[in-house]
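As a plain string of letters, each chain reads:
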Amino acid sequence: MKTIDELLAEGVAGKRVFVRADLNVPLDGTTITDDGRIRAVRPTIAALAEAGARVVVASHLGRPKGTPDPAFSLAPAAARLGELLGTEVAFATDTVGESARATVAGLTDGQVAVIENLRFNPGETSKDDAERGAFADQLAELADVYVGDGFGAVHRKHASVYDLPARLPHAAGGLIATEVGVLKKLTEDVARPYAVVLGGAKVSDKLGVIDHLLEKADRILIGGGMAYTFLKAKGYEVGISLLQEDQVPAVQGYLKRAEELGVEFVLPVDVLVAGEFPDLKTKAPAHPTTVAADAIPADQEGLDIGPETRKLYADKLADAATVFWNGPMGVFEHPDYAEGTKAVAQALVDSEAFSVVGGGDSAAAVRILGFDENAFGHISTGGGASLEYLEGKTLPGLAALED
Ligand SMILES: Nc1ncnc2c1ncn2[C@@H]1O[C@H](COP(=O)(O)OP(=O)(O)OP(=O)(O)O)[C@@H](O)[C@H]1O
Ligand SMILES: O=C(O)[C@H](O)COP(=O)(O)O
C-alpha cells in the first residue's frame, strides 16, 4: 500500500486528489453532534492542501436511498471541515453533475472542495458491478489521484471505496494507516482476558462477526439493540424491541458453541423499557421502567440495559486486559437511556485494560457523554469496519489500495 507520505514525496502540486473520507457524522437536524470523524481525516486533507493539491473530498452520510435527500446533505460536514482547516471549503451540490464538475474545475492549488453525499447516486452502493463501475468512471473524471482514508467505510464494496481506486493511482491516508496499526495488535498477541462488548442498532450487520470472535475473545458482553435477539434465543419474549428474528437460530448456535469453547457470554439481566421510542429531538422525559430481562411486557421496547446489568458489566470488564467495544448499550442520544453506555465507558476508564472503542455512534457517545478521549487506548472511526477487520475478512476498501 502506498502511504500518503510516499505520495506527498512524489509531489501532488496542481493535481486533483480525490479523498474518500468517512464524514458520516451524527446530526441533529443540520447540527453536527460529534465531529470526531471530520477531525480524524483533517490531517490528511490539510497535508494534501499544503502540498498544493486540489483536494476533492467525498463521503457518504447516513443511508439515503440512491436519490438526493436534503436530510442527508453533507453541507454541514463541509462547513465544519472548513472551520477545522481554517480555510474556505467549496461545496458541490451534486456528486458527478454540473455542480461537482464546475466546483472541481474552479479549484486552485491548495484549495479544498467537498462534493455532495455519494449515496445520492444509486451507483455508489449498487450490487451490480457495471452500475457501480459506471458511477466510478464518472467520479474518476473529477480527479488524477485517489487517497483512501474513509476507514469507517472500508468494509463496503461501494463505487467510491472499491471501484474508483482501481481507476486512478492511489494511496492510503494517514487515518487508515493508524486504524489498521491499532487493530492489527488485537488480531495478533492480544493480552488476556480479552473482552468484547457489542451493542448498537446495526444488528444484522454485526451478528456475523460473533462467530469469529468466539475463537478470539474470552468474554462477550451484549447490549444495545443486539441484546434482544440473544434474549429471544434464550427463549425470553422481547415485546416490541429491536429483533432480528431470522438470526435467532444462528444466535442459539453461538450460545452453544461459546459453552463448548469456554467463552463467557454475558447478557443483560435487566433492561429499561417503554411503550415507544423516545423523542430524540425534544428529549422529552421518556419515563422508562426497569424490568427483568425475562419479563419484558409484550407492548414494551427495551431501550437500555438496566442498573443490575450496569453493575454486572462493570464487574466483567474490571479485570480485562484488552477490551474492544462497538455499539452503544442503549439509545444514549436520550438522557433517560444513556446510563448503560456511560457505565461501560466508565468501566473502561477505570480499568487498566487496553481499550479500543469502535464505531461512529460509539465514539460519539463517549465524547457526547463527557468522557476524555485520552482515557481510552484508541477511539476508532470504524464500527462495522473494525469488527470486520478483527474478523480477518478482506476489506474491499483496503484490498483496493493494495497494489
Ligand atoms: N435497544 C436499542 N434499540 C434501538 N436502538 C438502539 C438500542 N440501543 C442502541 N441503539 C442505537 O444504536 C445506534 C448505534 O448503533 P450502530 O450499530 O450504528 O453503532 P456504531 O457505533 O455507530 O457503529 P457503526 O460505525 O458501524 O455504525 C444509536 O443511534 C443508538 O440509539
Ligand atoms: O457509520 C459507519 O459505520 C460507516 O460510516 C459506514 O456506514 P454504513 O454502515 O451505512 O455503510
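Within each chain, residues carry numbers counting from 1 in the order of the written sequence. All chains are assigned letters beginning at A, and all ligands numbers beginning at 1, according to the order in which they are written. Reporting in this predicted model follows two pLDDT cut-offs: at least 70 for local features of residues, and 80 or more for side-chain atom pairs to be given and counted; totals over whole chains, interfaces and linings ignore these cut-offs and use all residues. Side-chain metrics rest on all non-hydrogen atoms present in the structure, leaving aside hydrogens and water.

A. Expanded view of the UniProt feature "binding site: substrate" (unreviewed entry) in the protein chain. UniProt positions are given in the numbering used here, feature names are shortened, and annotations may be inferred rather than shown by experiment. Look at the UniProt record and you will see "binding site: substrate" (unreviewed entry) annotated at Asp22, Leu23, Asn24, Arg37, His60, Leu61, Gly62, Arg63, Arg119 and Arg156. Considering only the residues just annotated, the second largest pocket is lined by Asn24 and Arg37. The helix count covers DSSP runs of H or I at least four residues long, the strand count covers runs of E at least two residues long, and both are numbered beginning at the N terminus. Within the secondary structure, Leu23 is located in the loop between β1 (16–20) and β2 (27–28). Any two residues whose heavy atoms approach within 4.5 Å at even a single point are treated as in contact. With residues near it in sequence (within four places) discarded, Leu23 still touches Ile38, Val41, Val57, Ser59, His60, Leu61, Leu74 and Ala77. Residue position: Arg156 is located in the loop between β7 (145–148) and α6 (159–163). Think of a 1 Å grid over just the protein atoms. A cavity is a set of points where a 1.4 Å probe fits yet cannot get out, a pocket is an open set with protein on both sides within 12 Å along at least five of seven lines, and lining residues have an atom within 4 Å of a point.

B. Here's a closer look at the sheet that holds strand β16 (residues 354–358). Taken together, the 6 strands give an open sheet; going across it, the order is β11-β10-β9-β15-β16-β17, and neighbouring strands pair in parallel fashion. Because the sheet does not close on itself, it has two edges, and the strands there are β11 (264–266) and β17 (378–380). Neighbour to neighbour, the strand axes of the sheet diverge by 15° on average, direction disregarded. A pair of strands is considered paired only if DSSP assigns at least 2 bridges between the two. The pairing of strand β10 (residues 219–222) with β11 spans 3 bridges and is classified as parallel. In the sheet register, Arg219 faces β11, and the bridge partner there is Glu264. For helices, the fitted line uses only the C-alpha atoms of the stretch in contact; every axis is such a line through C-alpha atoms, and the angle between N-to-C directions lies from 0 to 180 degrees. Those strands touched by helix α7 (residues 174–187) are β9 (194–198), β15 (322–326), β16 and β17, and its axis lies near 125° from that of β16.

C. Representation of unusual backbone geometry. Omega for the peptide link from Arg192 to Pro193 comes to 0°, which places this bond in the cis form. Within the secondary structure layout, Pro193 lies in the loop between α7 and β9. In this structure, Lys283 takes a positive phi of about 55° despite not being glycine. Positionally, Lys283 belongs in the loop between β12 (270–274) and β13 (289–292). You can call Lys283 partly exposed: its relative accessible area is 33%. With phi around 50°, His287 is a residue other than glycine that occupies positive phi space. With a 1.4 Å probe rolled over the protein chains alone, any residue whose accessible area is under 20% of its type maximum counts as buried; one over 50% counts as exposed, and the rest are partly exposed. Of the residues examined, His287 reaches a relative accessible area of 67% and is grouped as exposed.

D. Fine view of the site of ligand 1. Close to ligand 1 lie 24 residues, the nearest being Lys202, Lys206, Glu333, Asp361 and Ser362. In protein, a polar contact means a hydrogen-donor-capable atom and an acceptor-capable atom, both N or O and within 3.5 Å, with residues adjacent in sequence counting only if both atoms are side-chain atoms; elsewhere, any N or O pair within 3.5 Å suffices. Ala201 places a main-chain nitrogen or oxygen 2.9 Å from an oxygen atom of ligand 1. In the environment of ligand 1, an oxygen atom lies 2.8 Å from a nitrogen or oxygen atom belonging to the side chain of Lys206. Burial of ligand 1 by the protein chains amounts to 91% of its free accessible area of 640 Å². Nearness is judged by heavy atoms alone; a residue qualifies as near a molecule or strand once a single heavy atom is within 4 Å of it. For the area figures, the Shrake-Rupley method with a 1.4 Å probe applies, and any residue is considered shielded solely by the protein chains shown.

E. Examining the layout of surface pockets more closely. Looking at the second largest pocket, its volume works out to about 350 Å³. For the second largest pocket, the lining is made up of 25 residues, of which Gly36, Ala40, Leu175, Ile379 and Thr381 are closest to its centre. Listed by contribution, the elements that provide at least two residues to the lining of the second largest pocket are α2 (36–50), α7, α13 (360–368) and β17. Each residue gets one of three labels, nonpolar for Ala, Val, Leu, Ile, Met, Phe, Trp, Tyr, Cys and Pro, charged for Asp, Glu, Lys and Arg, and polar for the others, Gly among them. The residue makeup of the lining of the second largest pocket, split by class, is 7 nonpolar, 12 polar and 6 charged. Here the limits of each domain have been adopted from an automatic or database domain assignment. When we break the lining of the second largest pocket down by domain, the ones giving at least three residues each are domain 1 (2–172) and domain 2 (181–389). Grid points are joined across faces, edges and corners, and a volume is the space filled by probe spheres set on the points.

F. Local environment of the UniProt feature "binding site: (2R)-3-phosphoglycerate" (unreviewed entry) in the protein chain. With numbering aligned to this structure, UniProt lists the feature "binding site: (2R)-3-phosphoglycerate" (unreviewed entry) at Arg37, Arg119 and Arg156. In this structure, the second largest pocket is lined, among the annotated residues mentioned, by Arg37. Excluding its chain neighbours within four sequence positions, the residues that come into contact with Arg119 are His60, Gly62, Arg63, Pro64, Lys65, Gly66, Thr67, Glu124, Thr125, Arg156 and His158. Side-chain polar atoms of Arg119 contact the backbone oxygen of Gly62, separated by 2.9 Å. Of the residues examined, Arg156 reaches a relative accessible area of 18% and is grouped as buried. Residues contacting Arg156, with those up to four places away along its chain left out, are Arg63, Arg119, Val161, Asp205 and Pro396.

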